[in-house]
Amino acid sequence: MIILFDLDGTLIESTDAIVSTFHHSFKMHNVPLVEDEKIKQLIGYPLEIMYAELGIAENNILDFVATYKEEYRKISTQKTELLPNALEAIELASTFAELGIVTTKTGKYSKVLMEHFNLMKYFKVLVGREDVDKPKPDAEPIIKALESFNFKGKDVYMIGDTKLDLLCAKNAKVNSIAVLCGYGKKEELQKFTKIIVDDTLQAVKYLKSMKK
């Protein structure tokens with residue numbers, strides 16, 4: 001079995017890091033700040049889409065993204081925590097499956113975060129935004145991740161907290177499980193998967209029971 005995990009809202013709690021970094025970028029470019037809730041509603045999308053949705057002109061978005069990445073690099077490990085039960089989920093999953101991470105976050109900084117938590121050793125691959133041309137919900141991130149595995153004949157599951165994760169799984173023709181510990185609402189998630197659980201540990205326990 002192969003299990004692919006999303007990061008934000010699935011394994012890590014990074015809301016404060018993301019929101020504060022957006023505010024930093026708006027201040028640096030002398031643009032009025034936006035409400036925290038508007039930023040939170042977009043978490044899971046690539047940065048360029050988030051900025052576009054927050055009203056930044058297309059020709060300025062790359063500058064904002066660059067400012068964001070520079071600040072996020074400095075503060076991410078200080079303002080990010082593992083979600084409850086995430087460590088236990090990863091440790092348990094590693095006993096019966098091969099593991100990977102598929103995220104729209106910058107892969108370079110995501111690896112730093114995982115090393116900070118001493119968790120990267122559990123994962124065979126981490127696919128970030130810079131590793132693909134088309135991010136979630138396109139199938140490309142999962143297809144890219146599976147290149148690191150001998151996946152033929154194996155069950156593949158994507159665990160995530162937003163519809164982007166679930167649509168990515170559907171488009172890549174792999175299974176999906178939604179978790180309610182992140183940013184997606186149950187009413188929306190149930191449109192895209194049949195399996196919805198409270199958190200990532202429950203998802204992993206479900207998959208372990210499938211192996212019996």
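Along each chain, residue indices are assigned from 1 in the same order as the chain's sequence is written. Since the coordinates come from a predicted model, pLDDT governs what is reported: local features require at least 70, and pairs of side-chain atoms require 80 or more to be given and counted, while whole-chain, interface and lining totals use all residues. With hydrogens and water stripped out, all remaining heavy atoms of the structure feed into the side-chain values.

Undergrad: Describe the overall build of the protein chain, and please don't skip the residues or the numbers.
TA: Numbering goes from the N terminus for both helices and strands, where a helix is a DSSP run of H or I of at least four residues and a strand is a run of E of at least two. Secondary structure summary: the protein chain contains 10 helices and eight strands in total. Taking 212 residues into account, the globule formula puts the C-alpha radius of gyration at 17 Å, and the protein chain, at 17 Å, falls close to it. Here the protein chain holds 212 residues, and the buried ones make up 52% of them. Working rule for contacts: check all heavy atoms of both residues, and any pair within 4.5 Å makes them a contact. Across the protein chain, the fraction of contacts at a sequence separation of at least 24, relative to all contacts at a separation of at least 6, is 66%. Here the protein chain displays about 10500 Å² of accessible surface, and carbon together with sulfur accounts for 47% of that area. Both definitions apply: the radius of gyration is a C-alpha atom measure, and the globule rule equals 2.2 Å times residues to the power 0.38. Burial classification: accessible surface area is computed with a 1.4 Å probe over protein chains only, and a residue below 20% of its type maximum counts as buried, one above 50% as exposed, and the rest as partly exposed. For accessible areas, the Shrake-Rupley method is used with a probe of radius 1.4 Å. Any residue's cover is judged against the shown protein chains and nothing else.

Undergrad: Tell me about the pairing of strand β4 (residues 98-102), and name the residues and values.
TA: Counting buried residues in β4 gives four out of five residues, a clear majority hidden from the surface. Any two strands are treated as partners once DSSP identifies two or more bridges connecting them. Across four bridges, the pairing between strand β1 (residues 2-5) and β4 is parallel. From the neighbouring strand, F5 faces β4, where its bridge partner is I101. The pairing of β4 with strand β5 (residues 125-127) spans three bridges and is parallel. In the strand pairing of β5, I101 is matched with L126.

Undergrad: Which residues make up the layout of surface pockets, and what are the values?
TA: Buried and open spaces are told apart on a 1 Å grid over the protein atoms alone, a cavity being a set of points where a 1.4 Å probe fits but cannot get out and a pocket being an open set with protein on both sides within 12 Å along at least five of seven lines. Residues with an atom within 4 Å of a point are the lining residues. Grid points are joined across faces, edges and corners, and a volume is the space filled by probe spheres set on the points. Reported here for the largest pocket is a volume of approximately 310 Å³. In terms of lining, the largest pocket is formed by 13 residues, of which the most central are K40, Q41, I43, Y183 and G184. Taken together, the elements giving at least two residues each to the lining of the largest pocket come down to α2 (36-40) and α8 (163-171). Each residue is assigned to one of three groups, with Ala, Val, Leu, Ile, Met, Phe, Trp, Tyr, Cys and Pro labelled nonpolar, Asp, Glu, Lys and Arg labelled charged, and all others, Gly among them, labelled polar. When the residues that make up the lining of the largest pocket are grouped by side-chain class, the tally is four nonpolar, four polar and five charged.

Undergrad: Describe in detail empty space enclosed by the protein, supporting the description with residues and values.
TA: Enumeration over the complete set of coordinates arrives at two cavities of 30 Å³ or more. Empty space within the largest cavity amounts to approximately 170 Å³. Around the largest cavity sit 15 residues that line it, and D8, L47, Y68, T104 and K105 are the ones nearest its centre. For the lining of the largest cavity, the secondary-structure elements that each account for two or more residues are α3 (47-53), α4 (61-75) and α6 (107-116). In the lining of the largest cavity, the residues fall into eight nonpolar, four polar and three charged. Of the volumes computed, that of the second largest cavity is approximately 80 Å³. Around the second largest cavity, the lining comprises 13 residues; the ones closest to its centre are D6, D8, G44, T104 and K136. Considered class by class, the residues forming the lining of the second largest cavity number three nonpolar, four polar and six charged.

Undergrad: Now, about the sheet that holds strand β8 (residues 196-197): what can you tell me, with residues and values included?
TA: In a beta sheet, neighbouring strands pair by backbone hydrogen bonds and run either parallel or antiparallel. The six strands lie next to each other as β5-β4-β1-β6-β7-β8, forming an open sheet whose pairing is parallel. Edge positions in the sheet fall to β5 and β8, since each of these pairs with one other strand and no more. Most of the contacts of α8 go to strand β7 (residues 175-179), to which it runs at about 175°, and overall it touches β6 (156-160) and β7. Comment: axis = line fitted to C-alpha atoms, over the contacting stretch for helices; angle = value between 0 and 180 degrees taken between N-to-C directions.

Undergrad: Lay out unusual backbone geometry in plain terms, naming residues and giving numbers.
TA: Cis geometry marks the peptide bond from K136 to P137; its omega dihedral reads 15°. The phi dihedral of K173 falls on the positive side, at around 60°, and the residue is not glycine. Within the fold, K173 resides in the loop between α8 and β7. Relative accessible area serves as the criterion here: at 76%, K173 is assigned to the exposed category.

Such coordinate-based values are descriptive only and should not be taken to indicate function.
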